[in-house]
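Spelled out, the chains give:
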Amino acid sequence: MKMHSKHVLPIAALTLVTVQTGCVTDPNSPGLEYMPDMYRSAAVEAYVDYGMDEYAFGWAEQAEQRLVQSARKPVTGTIPFNPEAKAFVMPYPYPNTPVGYEAAGAELQSPLATTQAHIEEGKAIYTQMCTQCHGEKGEGDGALSRNGHIQGIPSYSAKLKDLPVGKMYHTLTYGKGLMGSHASQLDQRDRWLVIEYIKVLQNGGTMPEFDEAGNAVEPAAAGAEATAMNS
Ligand code: HEC
């Protein structure tokens, strides 16, 4: 008898557990989770939606977790590690002062090559984010200018014809006059891309000539060729 009851109890317990865990009809449910702490972190995870996972959390926990911020700001001074994009992750060195503006204009060069693809990417950004003020052709006659909300927007091909790219980048980063900073909407690469298109608008909308690979042919080289042909 003693031997018998010794076996019956564990078997009954095992059956009970099997029945309990097998009882869930919803195919999305993970069933009974034995020691959930082992696979559900007590720490807040970035990509877990604590508001939705009804199987893992009770209503009280869900309500509480919704108020917890899971995505945190990077530590001040840290730089994202991305060797392929290292030209676009460094902090901007020029201060938001007239001296910084002049220095950027004199020193800052675009890390991007002038290619057909870059100009087209820049045009897409320009069309979405700049035409409302600057106008499709960059003459300062966008809708917000025509309806009088923002006045005095300079034309790229007239007043800003010789504006260096460093000043454009500085203005996109910090803003200038009635134009706000675009640093939060455009990452560094996007800012340089849109500048590729502004250079076209400075040139009255005329695209540079491209070689077969889509790289712009240097205007100086084209000029030299013309001189050579004339002489
Ligand atoms: C809200 C209207 C507005 C929007 C949107 C806007 N700009 Fe401007 N932008 C201006 C005004 C106004 C100025 C003249 C600022 C000044 O010199 O006081 C200006 C000036 C500029 C200049 C000349 C800066 C300089 O250093 O003199 C550039 C380049 C420029 N904008 C590019 C852009 C680009 C690229 C976009 C889109 C990503 C854009 N702007 C979006 C209003 C706008």
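Conventions adopted
- Sequence order as written defines the numbering, with residues in each chain counted from 1.
- Local features in a predicted model are, by the rule used here, given only for residues with pLDDT of at least 70; side-chain atom pairs are given and counted only at 80 or more, and totals for whole chains, interfaces and linings are based on all residues.
- Note that the side-chain values use all heavy atoms of the structure and ignore hydrogens as well as water.
- Only nitrogen, oxygen and sulfur atoms qualify as donors, and only when within 2.8 Å of the metal (3.2 Å in the case of Na, K and Ca); with water excluded, sites may look incomplete.
- For four-coordinate sites, all angles between 85 and 135 degrees define a tetrahedron; for four- and six-coordinate sites, opposite donors beyond 155 degrees with the remaining angles between 65 and 115 define square planar and octahedral shapes respectively, and all other cases count as irregular.
- Strands are runs of DSSP state E lasting at least 2 residues, helices are runs of H or I lasting at least 4, and numbering of each runs from the N terminus.
- The cut-offs for exposure are 20% and 50% of the maximum accessible area for each residue type, with area from a 1.4 Å probe on protein chains only; residues under the lower value are buried, those over the upper are exposed, and the others partly exposed.
- Convention adopted: a line fitted to C-alpha atoms gives each axis, helices being fitted over their contacting stretch, and angles between N-to-C directions are expressed from 0 to 180 degrees.
- The scheme is simple: roughly parallel for angles under 35 degrees, roughly antiparallel for over 145, roughly perpendicular for 65 to 115, oblique for anything else.
- In this scheme the handedness of a crossing depends on how the near helix is turned from the far one: anticlockwise by less than a right angle means left-handed, clockwise means right-handed.
- Working rule for contacts: check all heavy atoms of both residues, and any pair within 4.5 Å makes them a contact.
- We call Phe, Tyr and Trp rings a pair once their centres come within 6.5 Å, taking the six-membered ring for Trp, and we label the pair stacked below 30 degrees between planes, edge-to-face above 60, and tilted otherwise.

S.K.: A description of the coordination of the iron atom of the ligand should follow, citing residues and the corresponding values.
M.R.: Protein coordination of the iron atom of the ligand is provided by His134 (NE2) and Met179 (SD), with donor distances spanning 1.9 to 2.1 Å. Every donor counted, the six donor atoms about the iron atom of the ligand form angles of 87 to 178° at the centre, which fits octahedral coordination. Highlighted residues: His134 in helix α5 (residues 131-134) and Met179 in the loop between α7 (165-174) and α8 (188-202), separated in sequence by 45 residues. We classify His134 as buried; its relative accessible area is 12%.

S.K.: If you had to explain the packing of helix α3 (residues 98-107) against α7 to someone new, which residues and values would you point to?
M.R.: Close contact between α3 and α7 brings their axes to 6 Å; oriented N to C, the two are set at 135°. Here α3 is positioned oblique relative to α7, judged by the angle of their axes. Classified by chirality, the crossing of α7 by α3 is right-handed. Along its contact with α3, which presents Gly100, Tyr101, Glu102, Ala104 and Gly105, the element α7 presents Gly166, Lys167, His170 and Thr171.

S.K.: Kindly report on the packing of aromatic side chains, identifying the contributing residues and their values.
M.R.: Summed over all chains, the structure comprises six aromatic pairs. On the numbers, 5.5 Å between centres and 65° between planes, the contact of Tyr92 with Tyr94 is edge-to-face. Using a relative accessible area of 12% as the deciding quantity, one classes Tyr94 as buried. An angle of 15° between the planes, with centres 4.3 Å apart, marks the rings of Tyr169 and Trp192 as stacked. Here Tyr169 is found in helix α7, whereas its partner Trp192 is found in helix α8, with 23 residues between them in sequence. Among the residues examined, Trp192 registers a relative accessible area of 3% and is labelled buried. Counting every residue linked through ring pairs, the aromatic cluster contains Tyr92, Tyr94, Tyr169, Tyr174 and Trp192.

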